[in-house]
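# Summary of the model geometry
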Amino acid sequence: MALIDTHCHLDQPPLFDNIEKVIKQSVESDIEGIIIPSVSPENINKVIRVSQRFDMCFLALGYHPFYAEQVTVEDLKKLSLLLIEHDAVAVGEIGLDKFSDKNQLSIQEKVYKNQLDIADNLELPIIVHARGMIDHITKHIRERKIKGGIIHAFNGSFQQAEHLIKLGFKLGFGGVITYERAKHIRSLAKNLPLESIVLETDAPDMNPSWLESMLPNEPAQLKKISQIFCDLRGLEIREVASILKRNTIEALPKLGKLCT
Ligand SMILES: [Zn+2]
């Protein structure tokens, strides 16, 4: 069995400071691949270095909405060049986050649209942060010919999910599905078409229910998260793991090299 953590910030201190151990524990927990997205002009080089250090790590490059105010025209040019130079699997983490002030939202939207144009030009998929903003996210995708990708930590309606699936996207679920009180997300994970789902940890954040808040989340937790996902759907993990892998490769075709 082999699992892919489709979203993990391995460059962040709680994980990076013990990175050899984190990688070893991932391998021991049947993790075959880890996608590491960058978030800011500041961490982009570190993310590249981490992905070069471990064969199981794959690179996505982009600027997260929280850092949109820092992003300059130069940073956007640099992003295009780095995406090509390092053969990144996607443009990400990009997107919009409702929980910021209005001024920030207009800057986020500008930076998001610029990065969609980059993905469109380079014919790359995208990895998207869409908290509270799914309709806006989808509208801008529709206006271009984006090659699908992953809507990470999906928390929209079934109707919004359907629109995104039709546009070629997979929806990412992680530690939140391990909480019984997360009824809506659990219902999405249980009932959306299996072919439209990928799993992620979003480590070091989004702790599953069994981790104390003092401990950082890590990719090795994906094994137990995947088991909870299978329990929700009444399916066997072995069977589901190969479907999830296929889904991930459909979303991020450059991961096809995992099969060779
Ligand atoms: Zn993230």
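Just so we're clear, the structure is a prediction, and the values are computed from it rather than from any experiment.

Scoring rules and cut-offs
Residues numbered from 1 in each chain as written. Predicted model: local features only at pLDDT ≥ 70, side-chain atom pairs only at ≥ 80, totals over all residues. Helix = DSSP H or I, 4+ residues; strand = E, 2+ residues; numbered from the N terminus. Expected span 1.5 Å × (residues − 1). Buried ≥ 20, exposed ≤ 12 C-beta atoms within 10 Å, placed from the backbone. Arc of directions from axis to C-beta. Contact = placed C-beta atoms within 7 Å. Pairing = 2+ DSSP bridges. Right-handed = clockwise from strand over helix to strand, strands pointing away.

It is worth spelling out helix α5 (residues 102–122) at this point. One turn of the α-helix equals 3.6 residues, which is why residues spaced by three or four share an orientation. Across its 21 residues, α5 extends 30 Å between first and last C-alpha, which sits within 8% of the 30 Å expected from 1.5 Å per residue. All of the buried residues in α5 are Q108, V111, Y112, Q115, L116, I118 and A119. The buried residues of α5 occupy one face: seen down the axis, they fall within an arc of 155 degrees. Facing away from the buried surface of α5 by more than 90 degrees, the exposed residues are K102, N103, S106, K110 and N121. Looking at the buried positions of α5, the neighbouring elements they touch are α4 (73–85), β4 (90–95), β5 (126–129) and α6 (134–142). Residue E123 follows α5 closely and has a positive phi angle near 55 degrees.

Where a strand is regular, its side chains alternate between the two sheet faces. Sheet analysis places β5 next to strand β6 (residues 149–152), joined by four bridges and oriented parallel. Residue pairing across strands places H129 opposite H152, the latter belonging to β6. Chirality of the crossover, the property in question, places the unit of β5, α6 and β6 among those that are right-handed. Where β6 and strand β7 (residues 169–173) come together, three bridges link them in parallel fashion. Opposite I151, over in β7, you have L171 as the bridge partner. Traced from β6 through helix α7 (residues 158–166) to β7, the parallel crossover comes out right-handed.

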